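# Close look at the chain arrangement
Spelled out from the first residue to the last, the chains are:
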Amino acid sequence: MDFDLFHQTLSKVERVLITIIVMVGFFMAILDTTIVDIVVPKMMGPLSTDLYGIQWVITSYMMAAATGLLFTENFARYIGYPYTFITGLGIFTFSSFFCGTAQNLPQMIFFRVLQGIGEAFIAASAQTILIASYPPEKRGLAMGIFGLGVSFAPALGPTLGGFITEHLSWRWVFFVNIPVGIFNFIAALLYLPKELGRSKVFQFNYLSYLFIAVATISLLVMLSKGQQLGWFQSDLILTLLFVSLIGFALYFLSELLSKKPLLNLAIYKIPEFGFPMGMHFFTLGFGMYQIFYLLPLYYENLKGLTTFQAGVHILVFACFIGTFSVISGYLSDRLAPGRILMVSSLLFIFTSFYLIPQLNYYTPAWKAALLCIPLGISMGTFFAPLTAISLKKLGPLTGLGVVLMHYQRFVGGSFGTALATNHLEYYTNKNFLRINELQNYEVVKSFLQEKLFLANKFFPTELAEKKVQALLYKAQYIQALSWGFQNTFKAVALWGILGFLFLLALFLYRSRGFIKLKVLLRKFR
């Protein structure tokens, strides 16, 4: 079935049904990632593991989803995008049940790998189906709706994860997927048109896939374990970096020499795709995913809120992402999406550099939630215009563009999370040492003596001294952590600026002066 003409075969009712089906499946898959992040500490006891072991629950999922995406581009063209979506939905729902019933860590990791593969199939097909279902003049709205999954779902995860953690067992994080997945699976079988994108031709470069899969897995493990192992002071991290670099080098070499490459990377030569993807990689992956990671930590570790209370405060931010995602999609069909994206980027840079760094230990939680609203607006208005620009001219290459976009999301998001973890620890330690250096000895001595007098009334003298010293240490650490969050939030703006440069490059490429220069150069050839 022709991709560009598919939307003409649909009635309004069919288009609405297709939108609901693909969005429910995609939203469920994306939401599951951040919900699991919240409940991971609760799994350690039942799965008989420690903090470092339980991290593999997240890492294994990311590895499977990222490498699975690279397989689905060819697989989807063989069986069609609807069947790819249905397959992914079935795998995801099936593995969710067994994740919920897992009795030990190996079982959980195995079924999380299956779950990640399921998400890869869903992500690679859902957006492509949605784009094909709408006429060109309404695809901005379609991407605004799809943005609910990309931006709103990760922000909503802490709220639902907190509720489930406090009122139900952590296993319900997986069990809630089962009824939704079953109903959606049946609806997809009944209502999705099965021939979209189906060519019945399977051309797969196994050698290139092996190289890029090894490189991707090594890179993701390095990023997830770097902080734990001390980054480049660890032989394992250096080995993983070396394997990743060699893997990517061999992959590119294999693609250059192969008559049937795994991925048509010439797609990046299309300016309307290449420049927005550079912006997508740095602004969303390196920037926005840091915010998704840091906000729950700010509310829980610094403000001392429970998981559910933190989720409630993040809910305000999440609602604005969802609302403005649809609004920006609607506007992208009526205004130049590049201008909307420029406003979104400038707002993101302003909020991440000026507003969000105002969050500290003394900021009331309600005020922190309000300060995050402009950030939510900027994130909500980011995805729809960016995809409207980048996927508009791809035609039959749309499926490949979607796969590369989500691959970048996984890799960029892993970089963003690693940067946030590293920066927060670095700035906290730096600030703690700076506090010690600037302390007035006489003031500290007076403080300790004053508090020791009170502590002696409740504890033996030796224990009272330790309690007072611990109190001072705690106060210093909280202040250092508070400044650490502010420094880390402000650093996010740098990635927003870097992403913005790619948008400026696209505007420059489209400018009349640049077009005249290209024409002039062609005459001299």
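The text that follows walks through the structure, step by step, so that each part is easy to find. (Residues numbered from 1 in each chain as written. Predicted model: local features only at pLDDT ≥ 70, side-chain atom pairs only at ≥ 80, totals over all residues. Heavy atoms only, no water.)

### Remarks on the overall build of the chain
What counts here: Numbered from the N terminus, helices here are DSSP runs of H or I no shorter than four residues, and strands are runs of E no shorter than two. Only protein chains enter the accessibility calculation, which uses a 1.4 Å probe. A residue is then buried if its area is under 20% of the maximum for its type, exposed if over 50%, and partly exposed in between. In this description, contact between two residues means that some pair of their heavy atoms is separated by no more than 4.5 Å. The accessible surface values rely on the Shrake-Rupley method and a 1.4 Å probe; as for residues, cover is taken only from the protein chains in view.
Per the secondary structure count, the chain includes 20 helices and zero strands. Each principal axis of the C-alpha atoms in the chain carries an extent, and together these give about 80 × 60 × 45 Å. Buried positions account for 54% of the 525 residues belonging to the chain. Once local pairs closer than 6 in sequence are excluded, the contacts in the chain between residues at least 24 apart make up 85%. Within the structure as shown, the chain displays about 23,700 Å² of accessible surface, and the carbon and sulfur contribution to it stands at 68%.

### A short note on empty space enclosed by the protein
Applied cut-off: Of the two site types, the cavity is a set of points on a 1 Å grid over the protein atoms alone where a 1.4 Å probe fits but cannot get out, and the pocket is an open set with protein on both sides within 12 Å along at least five of seven lines, each lined by residues with an atom within 4 Å of a point. Grid points are joined across faces, edges and corners, and a volume is the space filled by probe spheres set on the points. When residues are grouped by polarity, Ala, Val, Leu, Ile, Met, Phe, Trp, Tyr, Cys and Pro land in nonpolar, Asp, Glu, Lys and Arg in charged, and all others, Gly among them, in polar.
Summed over the entire model, instances satisfying the criterion amount to one cavity of 30 Å³ or more. If you add up the space inside the largest cavity, you get close to 30 Å³. Lining the largest cavity are Pro154, Ala155, Pro158, Ile291, Phe292, Leu295, Pro296, Ile314 and Phe317. Mapped by element, the contributors of at least two residues to the lining of the largest cavity are helix 6 (139-167), helix 11 (271-302) and helix 12 (307-332). Here the lining of the largest cavity gets four residues from one element, more than from any other, and that element is helix 11. Here the residues of the lining of the largest cavity sort into nine nonpolar, no polar and no charged.

### Concerning the packing of aromatic side chains
Using the following cut-off: A pair of Phe, Tyr and Trp rings is counted when the ring centres sit within 6.5 Å of each other, with Trp represented by its six-membered ring. The angle between the planes then sorts it: under 30 degrees is stacked, over 60 is edge-to-face, the rest tilted. Placement of a positive charge over a ring is assigned whenever Lys NZ or Arg CZ falls within 6 Å of the ring centre and within 35 degrees of the normal to the ring plane.
Per the counting criterion, the structure on display carries 33 aromatic pairs. A centroid spacing of 6.4 Å and a plane angle of 90 degrees characterise the contact between tryptophan 170 and phenylalanine 174, whose relative ring orientation is edge-to-face. This pair shows no difference in class: tryptophan 170 is buried, exactly as phenylalanine 174 is. Clustering of aromatic rings is evident, with ring pairs tying together Phe94, Phe97, Phe98, Phe110, Phe111, Trp172 and Phe175. One cation-aromatic arrangement involves arginine 15 over tyrosine 134; the distance from NZ or CZ to the ring centre is 5.8 Å.

### Digging into a nonpolar patch on the surface
What counts, and what does not: Patch membership requires over 30% relative accessible area and the absence of a salt bridge. Like charges are linked within 9 Å, and nonpolar side chains (Val, Leu, Ile, Met, Phe, Trp, Tyr) within 5 Å. A pairing counts as a salt bridge when a side-chain nitrogen of Lys or Arg comes within 4 Å of a carboxyl oxygen of Asp or Glu.
On the surface, Val13, Leu17, Ile182, Ile186, Leu189, Leu190 and Tyr191 cluster together into a nonpolar patch covering about 660 Å² of accessible area. Sort the elements by how many residues they give to the nonpolar patch and helix 8 (residues 177-191) lands first, with five residues. Summarising the element assignment, tyrosine 191 is placed in helix 8.

### A word on the environment of proline 337
Looking at the secondary structure, you find proline 337 in helix 13 (residues 337-355). Exposure remark for proline 337: the relative accessible area of 19% places this residue in the buried category. Linking proline 337 and valine 22, residues 315 residues apart in sequence, is a C-alpha distance of 24 Å. Apart from the residues within four sequence positions on either side, proline 337 is in contact with Ser332, Pro385, Ala388 and Ile389.

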